[in-house]
Amino acid sequence: MARKMADCRRFESDNGCSLTIIGEEQEVMEAAAQHAVSAHGHEDTPELRGQIQGMLESEESYTFGTRASEPFPS
Ligand SMILES: [Zn+2]
């Protein structure tokens, strides 16, 4: 099964977060949800999980260095 990526660089954030999480989808969901709560002040809700699910990319999308960011979808 292909691993998934949640990439904070992809979205604009107050703290300019550069974290990239890559792993099995379930691992990324857990880690990204905890990170969203601890680093970005989100609440761990089904809605948040849905948002994270929607921002998962294939690990092949990973790029080194910086990445152009877009507004976080709300
Ligand atoms: Zn982040």
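To be clear, the structure that these remarks concern was listed above.
Relative to strand β2 (residues 20-23), strand β1 (residues 4-7) is paired through four bridges, and the arrangement is antiparallel. Each residue of the ladder has a partner; that of Met5, found in β2, is Ile22. Of the pairings in the sheet, the one linking β1 to strand β3 (residues 57-58) comprises two bridges and is antiparallel in character. Paired with Met5 across the strands is Glu57, a residue of β3.

A word on the packing of helix α1 (residues 25-40) against helix α2 (residues 46-55). Close contact between α1 and α2 brings their axes to 10 Å; oriented N to C, the two are set at 125°. With respect to their mutual orientation, α1 and α2 come out oblique. Our pair here, α1 against α2, has a crossing hand that is right-handed. Of the residues in α2, those in contact with Glu25, Met29, Glu30, Ala32, Ala33 and Ala36 of α1 are Leu48, Arg49, Ile52 and Gln53. Across the contact of α1 with α2, the residue classes break down as six nonpolar, one polar and three charged.

Basis of the calculations
- Residues numbered from 1 in each chain as written.
- Predicted model: local features only at pLDDT ≥ 70, side-chain atom pairs only at ≥ 80, totals over all residues.
- Heavy atoms only, no water.
- Pairing = 2+ DSSP bridges.
- Helix = DSSP H or I, 4+ residues; strand = E, 2+ residues; numbered from the N terminus.
- Axes fitted to C-alpha atoms, helices over the stretch in contact; angles between N-to-C directions.
- Parallel < 35°, antiparallel > 145°, perpendicular 65-115°, else oblique.
- Left-handed = near helix turned anticlockwise from the far one by under 90°.
- Contact = heavy atoms within 4.5 Å.
- Nonpolar A, V, L, I, M, F, W, Y, C, P; charged D, E, K, R; others polar.

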